[in-house]
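# Notes for the structure review
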Amino acid sequence: EKRGLYVLAAKFFNRACELGKFDSPSLHIQTVYRAGKIEYLQTNLEDAISRYKEALSLSQDFQVTENLGNIYFSIGSVYLRRAEFSAVSKNLELAETWTKHNNQTALLYNTWSNMGVCAYRQGQFETAQKYYLRVLESLGNDVMNLPSDLQLTAQHIQMSLGVIYNDLGRPDLAKPHY
């Protein structure tokens, strides 16, 4: 059922993009970006990356920067799924820079998390650990009072740290993270 809804949403977003009648450049960029998100959710990675790059190009052409962090993050996420690690790093570094300058902390934490995943998938366990610990330190000790999306990020990071400690041969450090 969910798959059918994604297909329907994709048709609507694609039709809106084809018509190209938008009240503002920002709405145009957001529509193209969301069309990419729908493609990503359907694992149509080529179509997703195409839409994200179109949104990036529109952002640059119209000099609208409000969505750049999400666009770079999403491009990096596609490359991460495709295991194209140099492209992941480039786009996540751009997302990190944008999020820091625009005070988008939730996106920054997710960017660091994906940087950790990228490092882990390349066997760079200490680097992955560094990114994960950076997120946890930034979130603070009172995780239960964070918004739900950040609680989920913290849970993912905790589990990931457990896996890393196991991979580093330190099950004693891994256990508290599970």
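The following refers to the structure shown. None of these values were measured; they are calculated from a predicted model. (Residues numbered from 1 in each chain as written. Predicted model: local features only at pLDDT ≥ 70, side-chain atom pairs only at ≥ 80, totals over all residues. Heavy atoms only, no water.)

### Details of the overall build of the protein chain
For clarity, the cut-off: Each helix is a run of DSSP H or I of at least 4 residues and each strand a run of E of at least 2, with the numbering of both proceeding from the N terminus. Buried, partly exposed and exposed residues are distinguished by accessible area as a fraction of the type maximum, computed with a 1.4 Å probe on protein chains only: under 20%, between the cut-offs, and over 50%, respectively. Contacts are assigned to residue pairs with any non-hydrogen atoms lying within 4.5 Å of each other. Using a 1.4 Å probe, the Shrake-Rupley method yields the accessible areas, and only the shown protein chains count as cover for residues. Positive charges come from Lys and Arg alone, negative charges from Asp and Glu alone, with His and the N- and C-terminal ends not counted. The atoms used to mark charge sites are NZ of Lys, CZ of Arg, CG of Asp and CD of Glu.
Per the secondary structure count, the protein chain includes nine helices and zero strands. Going from the N terminus to the C terminus, the protein chain shows its helices and strands as α-α-α-α-α-α-α-α-α. Along the longest, intermediate and shortest principal axes, the C-alpha atoms of the protein chain span 60 × 35 × 35 Å. Taken over 178 residues, the protein chain has a buried fraction of 44%. If you take every contact in the protein chain between residues at least 6 apart in sequence, the share linking residues at least 24 apart comes to 50%. Of the roughly 9,900 Å² that the protein chain leaves accessible, carbon and sulfur atoms contribute 50%. Taking the average place of the 18 positive charges on the side chains of the protein chain and the average place of its 18 negative ones, the gap between the two points comes to 3 Å.

### With respect to unusual backbone geometry
Across residues other than glycine, the phi torsion is negative in most instances, and most of the peptide bonds are trans. In this structure, threonine 43 takes a positive phi of about 60° despite not being glycine. Inspection of the secondary structure assignment puts threonine 43 in the loop between α2 (25-41) and α3 (45-62). At alanine 83, a residue that is not glycine, the phi angle is positive and equals roughly 60°. Within the secondary structure, alanine 83 is located in the loop between α4 (68-81) and α5 (85-101).

### Overview of the side chain of histidine 177
For the record, the criterion: For this analysis, a polar contact is any N or O atom pair within 3.5 Å, provided that within protein one partner can donate a hydrogen and the other can accept it, and provided that sequence-adjacent residues contribute only side-chain to side-chain pairs.
Looking at the secondary structure, you find histidine 177 in the segment after α9 (171-174). Judged by relative accessible area, which is 16%, histidine 177 ranks as buried. Only 2.4 Å separates the side chain of histidine 177 from the side chain of glutamine 158, close enough to count as a polar contact. The residues contacting histidine 177, other than those within four sequence positions of it, are Gln158, Met159, Leu161, Gly162 and Tyr165.

### Regarding the packing of α4 against α5
This is how it is decided: Angular values range over 0 to 180 degrees, each being the angle between N-to-C directions of two axes fitted as lines to C-alpha atoms, with helices fitted over their stretch in contact. An angle below 35 degrees is read as roughly parallel, one above 145 as roughly antiparallel, one from 65 to 115 as roughly perpendicular, and any other as oblique. Note: crossing handedness is left-handed where the near helix turns anticlockwise from the far helix by less than a right angle, and right-handed where it turns clockwise. Gly is placed with the polar residues, together with every amino acid not listed as nonpolar (Ala, Val, Leu, Ile, Met, Phe, Trp, Tyr, Cys and Pro) or charged (Asp, Glu, Lys and Arg).
Packing of α4 against α5 leaves a shortest axis separation of 8 Å and a crossing angle of 160°. Comparing their axes, α5 and α4 come out roughly antiparallel. Crossing of α4 over α5 shows left-handed handedness. In this structure, α4 contributes Leu68, Gly69, Tyr72, Phe73, Ile75, Gly76, Tyr79 and Leu80 to the contact, and α5 contributes Phe85, Ala87, Val88, Asn91, Leu92, Leu94, Ala95 and Trp98. Here the residues of the contact of α4 with α5 sort into 13 nonpolar, three polar and no charged.

### Section: helix α7 (residues 125-139)
Rules: Here the expected length of a helix is defined as 1.5 Å per residue gap, with one fewer gap than residues. Along the arc lie the directions from the helix axis toward the C-beta atoms.
Compared with an ideal rise of 1.5 Å per residue, which puts 15 residues at 21 Å, α7 spans 21 Å between its outermost C-alpha atoms and is within 8% of the ideal. If you check which residues of α7 are buried, you get Ala128, Gln129, Tyr131, Tyr132, Val135, Leu136 and Leu139. For α7, the angular spread of buried residues about the axis comes to 165°, placing them on one side. Opposite the buried face of α7, by more than 90 degrees, sit the exposed residues Glu126 and Glu137. Check the buried side of α7 and you find it contacts α6 (105-121) and α8 (148-167). Phi turns positive one or two residues past the end of α7, at glycine 140, with a value near 85°.

### Describing the packing of aromatic side chains
Keep this limit in mind: In this analysis, rings of Phe, Tyr and Trp, with Trp reduced to its six-membered ring, are considered paired at centre separations within 6.5 Å, and the interplanar angle assigns stacked below 30 degrees, edge-to-face beyond 60, and tilted for intermediate values. Charge-over-ring contacts are defined here by two conditions on Lys NZ or Arg CZ: a distance within 6 Å of the ring centre and an angle within 35 degrees of the ring normal.
For the coordinates displayed, the defined rule picks out three aromatic pairs. Taking 5.5 Å as the distance between ring centres and 35° as the angle between the ring planes, the aromatic pair formed by tyrosine 33 and tyrosine 52 counts as tilted. Here tyrosine 33, found in helix α2, pairs with tyrosine 52, found in helix α3; they are 19 residues apart in sequence, far enough to count as distant. Relative to phenylalanine 125, the ring of tyrosine 120 has its centre 5.1 Å away and its plane inclined at 45°; by these criteria the two rings are tilted. Here the guanidinium or amino end of lysine 130 rests over the ring plane of tyrosine 131, the centre of that ring lying 4.8 Å away. Over the ring of tryptophan 112 we find arginine 134, and its NZ or CZ is 5.1 Å from the ring centre.

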